Amino acid sequence: VVKQLIEEAHRLISEKQYAEAASLFERLTGCLNDAQSKAVAIANVGVCHGYMGNDDEALSYFSAAIKCCPSCALAFFNRGVIYERNGAIDRAIHDYDRAIKADPDAHEAYVNKGICLEKKGLVQDAVEPLTKAAKLVPQNPNFQKNVGIVYLMTGDSEKAIPYFVREIRLRKGNKYSW
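Before going into details, it helps to say that this report is about the structure given with it. Predicted model only: the values in this text are computed from it and were never measured.

1. Observations concerning the side chain of Asn78
- By the secondary structure assignment, Asn78 is in helix α5 (residues 73–85).
- Residue classification places Asn78 among the buried positions, given a relative accessible area of 14%.
- One polar contact links the side chain of Asn78 to the main-chain carbonyl oxygen of Leu74, over a distance of 2.9 Å.
- Contact partners of Asn78, with chain neighbours within four places excluded, come to Val47 and Phe62.

If you want it as structure tokens, here you go:
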């Protein structure tokens, strides 16, 4: 039953029925016993509120998820997204770092951290997280392009070129295409 509720909630999100999905995830929190699963459900309520533009409500749910399970990468990542969206770049970077610590394979956290570092003018510092994301998901041409761009911004076109070549090769028939 729990698995079906989770699938249904994700279906509702894909159909942009965020309030309904949030309600299902709320129901799920009462059915889950382990802290990690409960935290993920709570974080998903926050995700729904974020999609609806209720940033304060979303932040509240992400913080509650973190309180429930201090290693909930999903909550840290999405709280970072809300912070970034609202211009709190340092707080976003901090939460992306915490998401990465909780899940070293959290490729989106590396990408967002790199973009935040770029926004702060720390282009050289953006190379590492963007490169890590490109290594974690090498089939994503956008991640290859991000590294190429950041190398161009640092003035290192020699290092940029292979990333752009990989991006172009990957674009043909790739699900991450334009």
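2. Quick notes on helix α6 (residues 89–102)
- Its 14 residues give α6 an end-to-end C-alpha distance of 20 Å, which sits within 8% of 20 Å, the value for a rise of 1.5 Å per residue.
- Those residues of α6 lying buried are Ile89, Ala92, Ile93, Asp95, Tyr96, Ala99 and Ile100. Projected down its long axis, α6 carries its buried residues within an arc of 165°, all on one side. For α6, exposure combined with an orientation more than 90 degrees from the buried face picks out Arg91 and Lys101.

Calculation notes
- Sequence order as written defines the numbering, with residues in each chain counted from 1.
- Owing to the predicted nature of the model, reporting of local features is limited to residues with pLDDT of at least 70; listing and counting of side-chain atom pairs is limited to 80 or more, with chain, interface and lining totals taken over all residues.
- As a rule here, side-chain values come from all non-hydrogen atoms in the structure, and water together with hydrogens is ignored.
- Strands here mean DSSP runs of E at least two residues long; helices mean DSSP runs of H or I at least four residues long; both are numbered from the N terminus.
- The rule is simple: take the accessible area with a 1.4 Å probe, protein chains only, and divide by the maximum for that residue type; under 20% is buried, over 50% is exposed, in between is partly exposed.
- Counted as a polar contact is a pair of N or O atoms within 3.5 Å, where, for protein atoms, one must be capable of donating a hydrogen and the other of accepting one, and residues adjacent in sequence contribute only when both atoms are in side chains.
- In what follows, a contact means two residues having at least one pair of non-hydrogen atoms within 4.5 Å.
- For a helix, the expected span equals 1.5 Å multiplied by the number of residues minus one.
- The directions considered for the arc are those from the helix axis to the C-beta atoms.

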